[in-house]
Amino acid sequence: MSESRKNLRLVLGDQLSHSLSALQGTNPETDMVVMFEVMGETTYVNHHKQKIAYFLSAMRHFAGELRQTGIKVHYVKLDDPENTGTLSGEIKAAVARFRPETLILTEPGEFRVLEMMRDWSESLPCSVEIRNDDRFIASLAEFEAWAKDRKQLRLEYFYRELRRKTGILVDTDGNPEGGSWNYDAENRKKLPKGAETPTPPVFETDAVTSDVMTLVEDLFPSNIGALTTFNQPVTRLQALEALDHFVSHNLRSFGDYQDAMKTDNPFLHHSLISAPLNLGLLSPMEVCRRAEDAWHAGDAPLNAVEGFIRQILGWREYVRGLYWMKMPGYAKTNHLNAKRHLPDFYWTAETDMNCLAQSIGQTIDHAYAHHIQRLMITGNFALLIGADPASVNQWYLEVYIDAIEWVQLPNTHGMAIYADGGIMASKPYAASGKYIDKMSDYCAKCRYTVKTMGEEDSCPFNALYWNFMIENEAILSNNPRMGLSFRNLAKMAPDKKKRVITSSQKFLSDLSSGNRV
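Given the structure is predicted, the values throughout are model-derived calculations rather than measurements. (Residues numbered from 1 in each chain as written. Predicted model: local features only at pLDDT ≥ 70, side-chain atom pairs only at ≥ 80, totals over all residues. Heavy atoms only, no water.)

Draft legend 1. Region of the structure containing helix α20 (residues 483–491). Of the residues making up α20, those classed as buried are Gly483, Ser485, Phe486 and Leu489. Within α20, the buried residues cover an arc of 160 degrees as seen down the axis, which keeps them to one side. Seen from the open side of α20, the exposed residues pointing more than 90 degrees away from its buried face are Leu484, Arg487 and Lys491. (Buried < 20%, exposed > 50% of the residue type's maximum accessible area, 1.4 Å probe, protein only. Helix = DSSP H or I, 4+ residues; strand = E, 2+ residues; numbered from the N terminus. Arc of directions from axis to C-beta.)

Below, the structure is given as structure tokens:
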């Protein structure tokens, strides 16, 4: 059946914003919004079951909201017998059916999808208009202008520019509130013993989400994770509820304990809004303003509010600009020539290293781990063993509910495993078990001993850290931020260095052999 429409307007699964540029100017009488669930997008990596369920449920809810406003939506479900299975196939079918003059798109969040859109401009019998994604605080052009002629692209300076641009936490004279741009030094406290943390809000599993969960279990039975713990805000109203809960119950302590980790407590004082933010159910500016208002009202201290805002106004905007400026070559870099495969326990959490068992276990259960677990536990371990960047990036993209490549790749590739050679981070974030012990209670409940190195029961992170320094000395020794570490390595007694190498090589051999470690 054919029914002519002037414009087709595509909404992708991470574009669930009523303000989306592709939707601006929609005429309900002449235009059609198209949304597709396709197997190609659910299988290009083996996504966590909760990630698939979240995207599909949020998409279906958003389509319903559009229809309630009078906008016509052509929606193809994953199990539709006529579904072609690919985004390009569905676009071609929709163009053939509706015969539009123009297909209107918003630039996507992944380079591979942008390449598809560029192909459509050549292959479709209608014009294709790709609009900027203006849901971010900084445009890609702004980032490129800032980055031009800079030898180093450091977050801190970009962050300060955006603070000035938006006026967030800036006084009338253009100076940072409190006299400092960054309160990170105040935000590295270990969670005290016996400290209680708020319970996250609970979101109803309605009929739409229930149908999606059944579909995911039927079609993806072997994917990582389970749906029994699924608890995500799948609508904008629920996302606003999640934001309100964070600001009311967690923000005041977020700053102090944002780097802390605790056994069997995956959420602590974190916001849990990265997924709805990345899908478009929340906007970054409204989130930052909400936190800033809490400081003005005296409901949260400045170190907490600034630390939270820096993650959104700073990191989130910065990694997006970096991703689009450096792709596609960025994903192929491997500065440290890392080649090992990730161990099987990244998919099972079956390891005696409690920090990894905890971080991976909660990832399996909730498709979630907070930034320090991702950077200093799973990422740090992958860095120390020399895991192949492609396999590391694929794992992070698969298992986290908020993982879209524009945000996942720079954080993993550049920050966690230093594969980009310092484009993003000024040094590798390598650490021994001492850091993990400082910021968590994991080590007290581990079979390995964090206070020793090179013994049979010693924490593997300790020897692996120094082995990493030895293996990469030629590449990293000129890094000024690593001078102290390499001076300490130079002072290391030969027998101790030998013990480090022997212990690490045995551990790495056990990993390769599939032995439990």
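Next, the rest of the story.
Draft legend 2. Up close: the pairing of strand β5 (residues 127–131). Across 5 bridges, the pairing between strand β4 (residues 102–106) and β5 is parallel. By the bridge assignment for β5, Thr102 is matched with Ser127. Where the polypeptide runs from β4 across helix α4 (residues 111–123) and back to β5, its parallel neighbour, the crossover connection is right-handed. (Pairing = 2+ DSSP bridges. Right-handed = clockwise from strand over helix to strand, strands pointing away.)

Draft legend 3. Region of the structure containing the pattern of salt bridges. Tallied over the full model, the rule gives 25 salt bridges. In this structure, Glu217 engages Lys49 in a salt bridge whose closest nitrogen and oxygen atoms are separated by 3.2 Å. Here the residue Glu217 occupies a position in helix α7 (residues 207–219), and Lys49 occupies one in helix α2 (residues 49–68), the gap between them amounting to 168 residues. Assessed through its relative accessible area of 34%, Glu217 is described here as partly exposed. (Salt bridge = Lys/Arg side-chain N within 4 Å of Asp/Glu carboxyl O.)

Draft legend 4. View of α7. In a regular helix each residue adds 1.5 Å, so 13 residues correspond to 18 Å; α7 covers 18 Å between its end C-alpha atoms and thus fits that length. Along α7, the positions that sit buried rather than exposed are Thr209, Val212, Met213, Leu215 and Val216. In a view along the axis of α7, the buried residues occupy a sector of 160 degrees, so they form one face of it. Residues of α7 that are exposed and angled more than 90 degrees away from the buried face: Ala207 and Asp218. Buried residues along α7 sit against α2. If you check the start of α7, you find a side-chain oxygen 3.2 Å away from the backbone N of Val208, and it comes from Asp206. (Expected span 1.5 Å × (residues − 1). Contact = heavy atoms within 4.5 Å. Polar contact = N/O pair within 3.5 Å; in protein donor to acceptor, adjacent residues only side chain to side chain.)

So, to be careful, I would describe these as geometric facts and stop short of saying anything about function.
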